[in-house]
Amino acid sequence: MAESKVPYVAAYGNITKVLEKIKKASTPDRFSQDYLGTKLGMTGGGARPVIPFLKRTGFLASDGSPTEIYERFRNEHQSGAAAAEALRKGFEALYAVNEYIHDASDAEIRVSLSR
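Since we're looking at a predicted model, the values are computed, not measured. (Residues numbered from 1 in each chain as written. Predicted model: local features only at pLDDT ≥ 70, side-chain atom pairs only at ≥ 80, totals over all residues. Heavy atoms only, no water.)

1. Topic: the overall build of the protein chain
Scanning the protein chain from N- to C-terminus turns up 7 helices and 0 strands. Helices (α) and strands (β) of the protein chain occur, in sequence order from the N terminus, as α-α-α-α-α-α-α. Taken over C-alpha atoms, the radius of gyration comes to 15 Å for the protein chain, in line with the 13 Å a tight globule of 115 residues would show. With respect to the principal axes defined by its C-alpha atoms, the protein chain has extents near 40 × 30 × 25 Å. (Helix = DSSP H or I, 4+ residues; strand = E, 2+ residues; numbered from the N terminus. Rg over C-alpha atoms; globule rule 2.2 N^0.38 Å.)

Okay, structure coming up:
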């Protein structure tokens, strides 16, 4: 079932906030809860799940170090392509069912998740 393979964050607005802050902040050696709170100003429990999301989508390696996707995302001219690559990586199970899942309706996505 695709559902268990799809990254999920309850406070999804934090993803956008963190990604915007990533573009402006310096690149850390390791992206940790401390970095998230002190350097990016994202404190509280709602921001914590962003790190596993960033790992699942390829922005961060399993040890929290920024990847090549992370670096390309910070580049104004490569940001969109890097984000698209990260989404395809993180939501690979959905893209395997429907290569145009990004254009699908909520109902179509639910059907894809149940497969």
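2. Details of the confidence of the model for the protein chain
Residues with a pLDDT of 70 or more make up 93% of the protein chain, whose mean pLDDT is 88. Averaged pLDDT values over the elements of the protein chain bottom out at 80 in helix α7 (residues 106-114) and peak at 98 in helix α4 (residues 68-74). (pLDDT = per-residue confidence, 0-100.)

3. Quick look at the environment of G44
Within the element layout of this structure, G44 appears in the loop between α2 (33-39) and α3 (50-56). It is 9.9 Å that separates the C-alpha atoms of G44 and Q33, two residues lying 11 residues apart in sequence.

4. What to know about the packing of aromatic side chains
Aromatic rings considered in pairs are described by the distance between their centres and by the relative angle of their planes. Evaluated as defined, the whole model comprises 4 aromatic pairs. Ring pairing ties together the aromatic residues F31, Y35 and Y70, which thus form one cluster. (Phe/Tyr/Trp six-rings, centres within 6.5 Å; stacked < 30°, edge-to-face > 60°.)

5. What to know about the nonpolar core
When a protein is soluble and globular, its nonpolar side chains tend to lie buried together. Among the nonpolar cores identified, the biggest contains 28 residues, and V18, I22, F31, L36, L40, L54 and F59 are the most heavily contacted of them. Every element with two or more residues in this core is listed here: α1 (13-24), α2, α3, α4, α5 (79-90) and α6 (92-97). (Core = buried A, V, L, I, M, F, W, Y, C linked by side-chain atoms within 4.5 Å. Buried < 20%, exposed > 50% of the residue type's maximum accessible area, 1.4 Å probe, protein only.)

6. Digging into the pattern of salt bridges
Under the criterion given, the structure shown has 4 salt bridges. Between R72 and E85 there is a salt bridge; the shortest N-O distance is 2.1 Å. A residue pair is termed long-range when its members are at least 10 positions apart, and R72 in helix α4 and E85 in helix α5 qualify at 13 residues. Because the salt bridges share partners, they merge into one network encompassing E68, R72 and E85. (Salt bridge = Lys/Arg side-chain N within 4 Å of Asp/Glu carboxyl O.)

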